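Architecture at a glance
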Amino acid sequence: MSLLSDKKIIVFQGGGALGAYQAGAYEALHEAGIRPEWIAGISIGAINSAIVAGSPEDKRVENLRRFWELVTSGPRTIPIGEEPLLRRFFNEFSASMAATVGVNGFYKPQLPNLFTLMSGRAPIALYDTSPLIETLESLVDFDLINRSPTRLSVGAVEIESANFRYFDSAQLKNRGGINALHIAASGALPPGFPPIEIEGKHYWDGGLVSNTPLQWIMDRRDHREDICVFQVDLFSASGHMPRDMLEAAAREKEIRFSSRTRLNTQIAREQEKMRKALKRVLEKVPAELANDPDVQYLLGEQDGGGTTVVHLIYQRRGYETSTMDFEFSRITMEDHWRAGFDDVKETLACGQWINRRIPEDGFKTIDRRRISNGK
């Protein structure tokens, strides 16, 4: 399959156990010969991003598989198949186990004892994420990340100021670079996970502010370049009216963490349209104003490149409830992985992708699912 020369970028949304969908999506992209030059993530998306960026090309899928098999447990198949009520019971039991005993290589419970309660030093979170730090340090080559041309960005929020911050390998290259703490900070979702201290400041999960890194990419890209962004989201902004309280809780979580994917894309489209218009206007500026400070500033804001955004969005199964992001059974992981793989395969086989061109008007979206639904 031939690929256009635009810069390939992958953005991974947060979503806990649903992140196996991203791993499957990446496997299909990798199989198709797509190698990202920039990868950005939030929470579990940051973990997947770090594994990809911190692995040799021929080990990326293998290391994603190693991580997801480490943090999941149980059989790959069960005799109940897709029977909704039984599968819902199985998933709820699996999620309750993850909440009670923790997840191997990821987090473990930390229960306060009488002494810590009386001394006022009770834990700030339900779980200890030191296993995740150890897993990242053993699985991810951070030296590779910090010397590689593949750029890595992961988002977190500073607790005291509530300021959103991206830890970016391009920006931190001369300041010690990206390490396991930056990745863990991006996934430190309270009250489950404790904050991560970096350079004297404490950080929580970036999904508290924004769960999708698209805007970071659009604001900091080189606007002279043509780019193709694969946006791999784990919570769908679109959904159905819930029929019961379990479905209502699941839908509420989707709304809260979806970051309004298509609205953000529309905002990005309008910004790119404005930059293209600015470029055309600046071409009409008289030569005597070329050195005007305002003109010089606007020259830096114009856009000469084309942007394609490919939407890949996980669609929740009917038996999945609000526990879907901490349900770490092996069978569900395999389901999510397969869904991501299949969605990419179908997207790369659709006419919009096969016949695509770098957009002359500056912006284009490819959303196979929306096309198939007639939207």
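Overview of the structure. These numbers were taken from a predicted model, which means no experiment stands behind them.

Details of the overall build of the protein chain
The helix and strand inventory of the protein chain stands at 16 helices and 11 strands. For the protein chain, whose C-alpha radius of gyration is 22 Å, the value lies close to the compact-globule estimate of 21 Å for 375 residues. Counting only C-alpha atoms, the protein chain reaches 75 × 50 × 40 Å along its principal axes. Looking at the 375 residues of the protein chain, the share that counts as buried comes to 52%. Counting contacts in the protein chain only where the partners sit at least 6 residues apart, residues at least 24 apart contribute 75% of the total. As presented, the protein chain carries roughly 17,600 Å² of accessible surface, and 54% of it is formed by carbon and sulfur atoms.

Notes on the side chain of Asn-211
Note that Asn-211 resides in the loop between strand E8 (201–205) and helix H10 (214–220). A relative accessible area of 3% places Asn-211 in the buried class.

What about the layout of surface pockets?
Its volume calculated, the largest pocket comes out at about 580 Å³. What lines the largest pocket is a set of 29 residues, among which Leu-189, Gly-192, Phe-193, Asp-325 and Phe-326 lie closest to the centre. If you list the elements that add at least two residues to the lining of the largest pocket, you get helix H2 (44–53), helix H4 (84–101) and helix H11 (245–257). At 3 residues, the largest contribution of residues to the lining of the largest pocket is made by H11. Its residues placed into classes, the lining of the largest pocket shows 17 nonpolar, 8 polar and 4 charged.

So, how was this worked out
- Residues numbered from 1 in each chain as written.
- Predicted model: local features only at pLDDT ≥ 70, side-chain atom pairs only at ≥ 80, totals over all residues.
- Heavy atoms only, no water.
- Helix = DSSP H or I, 4+ residues; strand = E, 2+ residues; numbered from the N terminus.
- Rg over C-alpha atoms; globule rule 2.2 N^0.38 Å.
- Buried < 20%, exposed > 50% of the residue type's maximum accessible area, 1.4 Å probe, protein only.
- Contact = heavy atoms within 4.5 Å.
- Areas by Shrake-Rupley, 256 points an atom, 1.4 Å probe, with all protein chains shown as cover.
- 1 Å grid on protein atoms, 1.4 Å probe; cavity = no way out; pocket = protein on both sides within 12 Å on 5 of 7 lines; lining within 4 Å.
- Points joined across faces, edges and corners; volume = space filled by probe spheres on them.
- Nonpolar A, V, L, I, M, F, W, Y, C, P; charged D, E, K, R; others polar.

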